[in-house]
Amino acid sequence: MRRARAWTKRLVASVCIVAALMVALPFSQGVSHAVQTGAAWQQALDPEGQGEVDAVFQEEVLDLREEAEMRASEDGLTVGFTYAGAAAEAFGSVRARLEAKGWSCTMSGLDTCATFTKEQGSYRWLFVSCTAIGGESSVVLQCAKD
């Protein structure tokens, strides 16, 4: 039984690492440019200004209209915002909001990142990662859309 649990924990950790890399890769070119030119991170993610998430995302995933410094990738599948508080608090808030919309949480083994799934809707898979930055937290959502 212990071997099965250890194997499961290793599998979940591996999936989280792969998912984190998937989240990071779309931003690498923009961030590299920002570092080279001294541009702000917001400009690296969306040089034209704030990205958009569609109405379906707002309805099925999270309503982000009130979130601070919200940014989205061009395709709207990678979304980030700033949360005024600790990473664990940010994750708890996001988790509660997602579960209220019917999402099921699978913890990664880390307290501030997890995979969420849902059986119905346009969005059915979501990876959430919350990271402390000073007194605030960065929240990143990586989505898959049918």
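Residues numbered from 1 in each chain as written. Predicted model: local features only at pLDDT ≥ 70, side-chain atom pairs only at ≥ 80, totals over all residues. Heavy atoms only, no water.

A.B. asks: Looking at this structure, I do not really get the overall build of the chain. What am I missing?
C.D. replies: Counting its secondary structure elements, the chain contains four helices and six strands. Taken from N to C terminus, the helices and strands of the chain fall in the order α-α-α-β-β-α-β-β-β-β. In the chain, the proportion of contacts linking residues at least 24 apart, taken out of those at least 6 apart, comes to 46%. For the chain, the computed accessible surface area is about 8,900 Å², with 55% contributed by carbon and sulfur atoms. (Helix = DSSP H or I, 4+ residues; strand = E, 2+ residues; numbered from the N terminus. Contact = heavy atoms within 4.5 Å. Areas by Shrake-Rupley, 256 points an atom, 1.4 Å probe, with all protein chains shown as cover.)

A.B. asks: Honestly, the pairing of strand 5 (residues 123–133) in this entry has me stumped. Any pointers?
C.D. replies: Two faces make up the sheet, and in a regular strand the side chains alternate between them. Direction of pairing for strand 4 (residues 113–117) relative to strand 5: antiparallel, over a ladder of five bridges. If you follow A114 over to strand 5, its bridge partner there is V128. What sits between strand 4 and strand 5 in their antiparallel hairpin is a turn of five residues, with G121 showing a positive phi close to 110°. (Pairing = 2+ DSSP bridges.)

A.B. asks: Help me out: how do you make sense of helix 4 (residues 87–100) in this one?
C.D. replies: Along an α-helix, residues three or four apart share an orientation, since each turn contains 3.6 residues. For helix 4, spanning 14 residues, the distance from its first C-alpha to its last is 20 Å, which sits close to the expected 20 Å at 1.5 Å a residue. Structurally, helix 4 contributes buried residues whose contacts are with strand 2 (78–83), strand 3 (104–107), strand 4, strand 5 and strand 6 (136–145). After helix 4 finishes, the residue G102 shows a positive phi value of roughly 95°. (Expected span 1.5 Å × (residues − 1).)

A.B. asks: Can you walk me through the sheet that holds strand 2 in this structure?
C.D. replies: Backbone-to-backbone hydrogen bonds join strands into a sheet, with any given pair of strands oriented parallel or antiparallel. Within the open sheet, the six strands sit side by side as 1-2-6-5-4-3. Their pairing is antiparallel. Only two strands of the sheet have a single partner each, and these edge strands are strand 1 (68–72) and strand 3. Direction aside, the axes of adjacent strands within the sheet are offset by 20° on average. In this fold helix 4 packs onto strand 2, strand 3, strand 4, strand 5 and strand 6, with an angle of close to 160° to the strand it touches most, strand 5. (Axes fitted to C-alpha atoms, helices over the stretch in contact; angles between N-to-C directions.)

A.B. asks: Would you mind going over the environment of R124 with me for this structure?
C.D. replies: In this fold, R124 is placed in strand 5. Spatially, the C-alpha atoms of R124 and D146 are 7.5 Å apart, while their sequence positions differ by 22 residues. When near neighbours in sequence (up to four residues on either side) are disregarded, R124 contacts W103, F116, T117, K118, E119, A144 and D146. Here E119 takes part through its backbone oxygen, which lies 3.2 Å from a polar atom of the side chain of R124. (Polar contact = N/O pair within 3.5 Å; in protein donor to acceptor, adjacent residues only side chain to side chain.)

A.B. asks: Would you mind showing me how to read the nonpolar core here?
C.D. replies: In globular proteins that are soluble, nonpolar side chains generally tend to be buried together. With 26 residues, the main nonpolar core has V61, L98, F116, L126, V128 and V139 as its most contacted residues. Counting only elements with at least two residues in this core, the list comes to strand 1, strand 2, helix 4, strand 4, strand 5 and strand 6. Among the elements that line this core, the one with the most residues is helix 4, at five residues. With residues near it in sequence (within four places) discarded, V139 still touches V79, G80, F81, Y83, A90, V94, V128, S129 and C130. (Core = buried A, V, L, I, M, F, W, Y, C linked by side-chain atoms within 4.5 Å. Buried < 20%, exposed > 50% of the residue type's maximum accessible area, 1.4 Å probe, protein only.)

A.B. asks: Help me understand the packing of aromatic side chains in this model?
C.D. replies: Think of a pair of aromatic rings as described by two things: how far the centres are apart, and how the planes are tilted against each other in angle. Applying the stated rule across the entire model yields two aromatic pairs. When the ring of F57 is compared with that of Y123, the centres are 5.6 Å apart and the planes differ by 85°; the resulting orientation is edge-to-face. Taken together, the residues F57 in helix 3 (residues 55–60) and Y123 in strand 5 connect sequence positions 66 residues apart. With relative accessibility at 0%, the residue F57 sits in the buried group. Y123 sits in the buried class, given a relative accessible area of 2%. Between F91 and F116, the aromatic rings sit 6.3 Å apart at their centres with planes inclined by 45°, giving tilted as the arrangement. (Phe/Tyr/Trp six-rings, centres within 6.5 Å; stacked < 30°, edge-to-face > 60°.)

On their own, these measurements won't tell you what the molecule is for.
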